Amino acid sequence: MDSFDPNRVSVRSAHFIGGQYVEGEGALDVARPSDGVFYAALPVADAAVVDRAVEDAWRAFKTSDWTRRAPRERARVMRRWAELIEADVAALAPLEALGSTRPVADAARWDIPFTAEGIRFYSEFADRVGGEVAATRPDHLGMTIAEPYGVIAAISPWNFPLVMASWKIAPALAAGNAVVLKPSELTPFSVLRLAELAIEAGIPPGIFNVVQGDGRTTGDALCRHPKISKVTFTGSTQTGAAIMAACAQSGTKPVTLELGGKSPQLVFADAPDLDRVARRVAAAIAGNAGQVCVAGSRLMVERSAAPRLIDGIASAFAALKPGKTWSPGTTLPPIISAPQLQRIDGIVRRTLDSGAQAAAGGARIELDGDGAFYAPTILTGVTPASEAVREEIFGPVLTVQTFDDDDEALALAAHEKYGLAAGVHTADLSRALRMMRGIEAGTVWINRYGRTADFVIPTGGYKQSGIGKDLGRQAFEANLRFKSVLIDLTDGA
Ligand code: NAD
């Protein structure tokens, strides 16, 4: 599927609570980033609606057979859910593409199969982690028993609406919890279809719920609800801090936070095939128009390789095709919203005004309609103090700094605030490993950039890029709490 008619996609604008759609009040206008057209009004769940969703989830957690059925049975239902999601690609891909930045071809080929496979991956953990027998003194038997938390609040961002939500929901459900999800108010609809399919697959009503609304009203009420046992969040560092504060003030709930980044890509002059590296560096910042948490937004290149590498990146940028998410062949999708487009342009302008140069881009792209498009941009002549180097831009903007030796490369790569991911490109194995050790980031890619479909590798940030992990065994275990049991075997002996 590589195109669709946006005016023929209908959305259901509602909450999904206790296994059914619930109409709501309040009306946030939701726009299509590809052409600026408002296409729906979103209800905003206030504290009363959030309470209803959490109470339903709590009841389902306590009374349905989700936690009480054999874990293998839970796994079977989740596999069925994954199959239904894959089979629904013709409906889900346009729904995902309509209001987001995901070109429909990418949504169909990548986001939806990846969402389904992630659910399958976590289903396989359902009966693999139950706890363990401890090596206690011989006259006692000690155990740790893994138990679900209860109701988990999941709050997700707009950049990959289905995938990001599934990274939260799948491990939580596989571990036996109930979930109340609040998707981003900018991309709220595709997850509703996931919730419908969950019911069809046999997940009991109330175990997976969706409440719609903004962060200030709905997200905050969800985090503060006394029956929420844990919050798992993906979004900006600023919001992560607000969520931590809300959790601290309302019952010291544990949090998993996947936050912002400003990830470096280090290229050494010995890297094999610099032209290929240039294409890789370009893809790492232009993919999804830079709206990726792990976007490789800061290039550090060994001085002698800089001219050729910058030329190669500029050529790769020039080959991108800006377009609407429903147009065939789009490889440079829109920016999520007009305010975000303005923010990107403002940071670029101010960085240029402070002495940087644009080796590519540096301006908006005009297409038909009021879509929000920005040209992939290369900024040279920047310093660690430049705004474009310090701030997460969340757009297709790459800053370039040069270095002369390993120590300088490492010093430039370190960011005062973020530590989400990094890439190292070199033919020298020892140097690659020294860099890997020296870089303070949750993920380091060597001679590649970006994730594969290896769900087993966790993702998460150091420093202010986050707390805890999505993906991997770690994310499953983070949805369990461990009860210690000690039995005295001497009684009655
Ligand atoms: P955001 O922080 O603005 O919003 C994320 C979600 O939080 C939304 O659903 C929003 O409604 C909600 N929210 C906002 N204020 C809230 C509050 N006070 N209480 C509760 N919920 C609240 O982020 P965004 O603009 O949607 O996403 C972009 C950001 O997400 C970037 O910083 C990006 O780096 C980050 N991100 C990180 C990862 C990762 O894995 N580390 C992945 C994707 C995106």
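Residues numbered from 1 in each chain as written. Predicted model: local features only at pLDDT ≥ 70, side-chain atom pairs only at ≥ 80, totals over all residues. Heavy atoms only, no water.

Going by what an unreviewed UniProt entry lists, the protein is known as NADP/NAD-dependent aldehyde dehydrogenase PuuC and is assigned to Paraburkholderia fynbosensis. As its UniProt record puts it under Sequence similarities (unreviewed entry), the protein is described as follows: "Belongs to the aldehyde dehydrogenase family." (UniProt positions renumbered as here; feature names shortened; annotations may be inferred.)

Chemist: Mind laying out the site of the ligand, listing which residues take part and the relevant values?
Modeler: Taken together, 27 residues sit near the ligand, with Trp158, Glu185, Ser236, Thr239 and Glu392 positioned nearest. Separating an oxygen atom of the ligand from a backbone N or O atom of Ser156 is a distance of 2.9 Å. In the environment of the ligand, an oxygen atom lies 2.8 Å from a nitrogen or oxygen atom belonging to the side chain of Trp158. Here the ligand, which alone exposes 850 Å², has 87% of that area covered by the protein. Only helix 7 (215-224), strand 10 (228-234) and helix 8 (237-249) provide two or more residues apiece to the shell around the ligand. Broken down by element, the shell around the ligand gets its largest block of residues, three residues, from helix 7. Residues of the shell around the ligand, tallied by class, amount to eleven nonpolar, ten polar and six charged. No fewer than three residues from each of domain 1 (6-259 + 467-482) and domain 2 (264-454) sit in the shell around the ligand. (Near = heavy atom within 4 Å. Polar contact = N/O pair within 3.5 Å; in protein donor to acceptor, adjacent residues only side chain to side chain. Areas by Shrake-Rupley, 256 points an atom, 1.4 Å probe, with all protein chains shown as cover. Helix = DSSP H or I, 4+ residues; strand = E, 2+ residues; numbered from the N terminus. Nonpolar A, V, L, I, M, F, W, Y, C, P; charged D, E, K, R; others polar. Domains from an automatic or database assignment.)

Chemist: Run through a nonpolar patch on the surface, naming residues and quoting values.
Modeler: Taken together, the side chains of Val133, Leu141, Ile487 and Leu489 define a hydrophobic patch exposed on the protein surface, amounting to about 330 Å² of accessible area. In this fold, Leu489 is placed in the segment after strand 24 (480-488). Accessibility expressed as a relative area gives 47% for Leu489, which makes it partly exposed. (Patch = residues over 30% accessible without salt bridge, like charges linked within 9 Å, V, L, I, M, F, W, Y side chains within 5 Å. Salt bridge = Lys/Arg side-chain N within 4 Å of Asp/Glu carboxyl O. Buried < 20%, exposed > 50% of the residue type's maximum accessible area, 1.4 Å probe, protein only.)

Chemist: Explain helix 2 (residues 71-87) residue by residue, including any values.
Modeler: Compared with an ideal rise of 1.5 Å per residue, which puts 17 residues at 24 Å, helix 2 spans 25 Å between its outermost C-alpha atoms and is within 8% of the ideal. Buried residues of helix 2: Arg74, Ala75, Val77, Met78, Trp81, Ala82, Leu84 and Ile85, and no others. Along its buried surface, helix 2 packs onto helix 3 (89-98), helix 4 (104-123), helix 5 (161-174), helix 6 (190-201) and strand 9 (208-210). (Expected span 1.5 Å × (residues − 1). Contact = heavy atoms within 4.5 Å.)

Chemist: Explain the domain arrangement of the protein residue by residue, including any values.
Modeler: When cut into domains, the protein gives domain 1 (6-259 + 467-482) and domain 2 (264-454). Relative placement of domain 1 and domain 2: their C-alpha centres are 31 Å apart. On the side of domain 2, 25 residues touch domain 1, which itself brings 24 residues to the contact. Contact between domain 1 and domain 2 buries roughly 1900 Å² in total, counting both sides, with carbon and sulfur atoms accounting for 65%. (Buried area = accessible area lost by both parts, 1.4 Å probe.)

Chemist: Describe the UniProt feature "domain: Aldehyde dehydrogenase" (unreviewed entry) in the protein, with residues and values.
Modeler: In the numbering used here, UniProt assigns the "domain: Aldehyde dehydrogenase" (unreviewed entry) feature to residues 23-485. Along residues 23-485, the helical share is 40% and the strand share 21%, with 45 Å between the first and last C-alpha atoms.

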